[in-house]
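So you can see what is in the structure, the chains are spelled out below.
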Amino acid sequence: MSLQVDLHHRMGDFTLETRFEAPSGITVLFGHSGSGKTSVIQAVAGLLRPDEGRIAVAGQVLLDTQAGVFVPPHRRRTGYIFQEGRLFPHLSVRQNLLYGRWMQGRWRQDRPSQDRPANTALFDHVVEMLGIASLLGRRPSLLSGGEKQRVAIGRALLCEPQILLADEPLAALDEARKQEILPYFERLRSEAAIPILYVCHSAAEAARLANHVVALKQGRIIGQGAAGAFFSDAALAANLSPMEAGAIISGVVAQRHPDGLAEVASSAGRFLIPDNAIAPGSAIRLRIEAQDVMLALHRPEAISALNVLEAVVVSVQPGRGPGMLVTLRAGQEQILARITKRSGAALDLKAGDACYAVIKSVSVAPAAIGRSVLR
Amino acid sequence: MSWLGPEAWSAVLLSLKVAFWASLCSLPVAVFVAYALARWRFAGKSVLNGLVHLPLILPPVVTGYLLLLGFGTQGPIGGPLKEIGIVFAFRWTGAALAAAVMAFPLMVRAIRLSIEAVDPKLEEAAATLGASRLRGFATITLPLILPGMLAGLILAFAKAMGEFGATITFVSNIPGKTQTLPSAVYAFLQVPGGEAAATRLVLVSIAISMLALLLSEMLSRRIADWVAGR
């Protein structure tokens, strides 16, 4: 199943002009606020009616302005997870969760009858997966931010959507709550067979969740591709925001050390990161911010940084300010390093040069380490 | 009710009947108009808003006279209605119509305020979950504005109980037929020695008002608690 989007829409002096395809798995719509990300998923849900365009999910046309097709939002079967949850305040958590099934008439199939018991398998599965069994009788006003968002995810899943739309579902949460919700999306990514369109403006969040990234700037797509390739593209990073640049490295947890560090085996070599309670043997992906990578021409000795990886310079991308982005290859992995132009000149870095990438273990945030089914 | 006297007693009963039907029948219309004013953008919105509020600003006698012109048996609306057997002029139904028209702006204002307090994005969320606009309204917005609807009902009921000018102009002051509580008080005060009867009616009027107020306080607290999940 996949989603095809082709939109053209004007709002004042802002023009949205996007065309992309999202396969199953998580496609992150990535960009700053005002880049048109939310308008795109509102158009997919039918909450925004674009001037021109065509949207199809799994072969079913939801919008085709040329053919005069506009499926109203309530017939689109999109599971929409809103930034603020938007739970219904006068309904209990259970009623919120079942609202979609009620509206779609599915509660009839769920009811017990003479020949079969009540169909609660999906409900039980979702409630168990999101850990909300103890909240079912409560009203939304008594839930914490993280709990509300888990219920909102459950509510969207239970209407058995053809596509899941998540509009910055973590933006309203603090860091700890984000860490609480992120694993559920990782689980959805591997379990759900439907496309998930996920809007966010945080590179760390996008890098952790995305299979595929579509980057928007001022209503236009400035780059798209598989997450690994996308985040190690220095030209794209420079265009989006060099401060936030950071490549994704994938590896396998080799060992958890008692001092709070985990050892990761990757094609770039072994390195140490903070332990994020992921069992040895698990495939992980982690994002290393370009500004946390130091470069050296000789292997540094007597240095506090624990990770020194052998690398080769692939390209050098000077920025607009005093900085530059250096793309490195270490094993199969690409690493981005953000250094000053002055350092680049002092080391005389150019494509093909061998060097060492120095990365402090503590600079890798636990939030940047996630389970992977990358590529 | 010998204490009140048959004439006064029938005026009390008529006023209750008139106020009950006036507020109940105008409720669905008021919800629709309030929703349109709160949520929709359409041409002529300010004209509709002005029309709704007109009875609040016009002298009641003028409203009553306009009703007589429009809904009288010779009027452009009253004429055709008479053909199908519905007559307003000089009937208790006319008193109810006059009371409803006079109370309508108050009811619409109360309901509109409560609709504006409900996040319109909740209906959007309902739509993505498969609810058509009508079902989304019925299952989400409508329950959430119940306190506002109750407040509007009570206000309209109170206004209808006390309506005098438009009523007396439109349906006159026929004892036992169109004589409501305020017109009965007025009538008693016009005859010598009627002060005692008028005072008794005033006491009844105060009692009914207090009771309605207490009842609405209790109900609205219950409904607000239910909506908030307490």
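Report on the accompanying structure. The model shown is predicted, which means the values in this text are computed figures rather than measured ones.

Observations regarding the packing of helix α8 (residues 146-162) of chain B against helix α11 (residues 195-228) of chain B
Residue and element names in this part refer to chain B.
- Interaxial distance between α8 and α11 falls to 9 Å at its minimum, and their mutual angle equals 170°. When the axis of α8 is compared with that of α11, the two are roughly antiparallel. Here Leu146, Pro147, Leu150, Ala151, Ile154, Phe157, Ala158 and Met161 of α8 come into contact with α11, specifically with Ile208, Ser209, Ala212, Ser216, Leu219, Ser220, Ile223, Ala224 and Val227.
- Here the contact of α8 with α11 is built from residues that sort into 14 nonpolar, three polar and no charged.

Points about the interface of chain B and chain A
- Contacts between the two partners involve 17 residues from chain B, matched on the other side by 18 residues from chain A.
- The set of elements that each furnish at least two residues to the side of chain B that touches chain A consists of α6 (121-128), α7 (133-144) and α11 of chain B.
- Here the side of chain B that touches chain A takes six residues from α6 of chain B, the largest share from any one element.
- Here the side of chain B that touches chain A is built from residues that sort into 10 nonpolar, four polar and three charged.

Quick notes on unusual backbone geometry
Residue and element names in this part refer to chain A.
- Even without being glycine, Ala58 reaches a positive phi, approximately 50°.
- Relative to the helices and strands, Ala58 is located in the loop between β4 (52-57) and β5 (60-64).
- The phi angle at Ala302 is positive, at roughly 50°, despite the residue not being glycine.
- Within the fold, Ala302 resides in the loop between β16 (293-296) and β17 (307-318).

Concerning the nonpolar core
- With 110 residues, the main nonpolar core has Ile335 and Ala357 of chain A as its most contacted residues.
- Ranked by residue count, the leading element in this core is helix α5 (residues 145-158) of chain A, at six residues.
- Each of two domains, domain 1 (3-231) and domain 2 (245-371) of chain A, supplies a minimum of three residues to this core.
- Excluding its chain neighbours within four sequence positions, the residues that come into contact with Ala357 of chain A are Val293, Leu295, Leu309, Ala311, Leu328, Ala330, Ile335 and Ala337 of chain A.
- Listed in part, the 53 residues of the second largest apolar core include Ala11, Leu37, Ile111 and Met161 of chain B.

Scoring rules and cut-offs
Residue indices follow the written sequence of each chain, beginning from 1 at its first position. Following the order in which they are written, the chains are lettered starting with A and the ligands numbered starting with 1. Owing to the predicted nature of the model, reporting of local features is limited to residues with pLDDT of at least 70; listing and counting of side-chain atom pairs is limited to 80 or more, with chain, interface and lining totals taken over all residues. Helix axes are fitted only over the stretch in contact, all axes being lines through C-alpha atoms; the angle between N-to-C directions runs from 0 to 180 degrees. In DSSP terms, a helix is any run of H or I states spanning at least four residues, a strand is any run of E spanning at least two, and both are numbered starting from the N terminus. Any angle between 65 and 115 degrees counts as roughly perpendicular, while under 35 counts as roughly parallel, over 145 as roughly antiparallel, and the rest as oblique. Residues are scored as being in contact if the C-beta atoms we place from backbone atoms lie within 7 Å. Only Asp, Glu, Lys and Arg are considered charged in this grouping, and only Ala, Val, Leu, Ile, Met, Phe, Trp, Tyr, Cys and Pro are considered nonpolar; every other residue, Gly among them, is considered polar. Put simply, a nonpolar core is a cluster of buried Ala, Val, Leu, Ile, Met, Phe, Trp, Tyr and Cys residues tied together by C-beta atoms within 7 Å. Put plainly, a residue is buried at 20 or more neighbouring C-beta atoms within 10 Å of its own, exposed at 12 or fewer, and partly exposed in between, counting only other residues' C-beta atoms, which are placed from the backbone. An automatic or database domain assignment supplies the residue ranges for each domain.

Remember that the coordinates give geometry; whether it matters functionally is a separate question.
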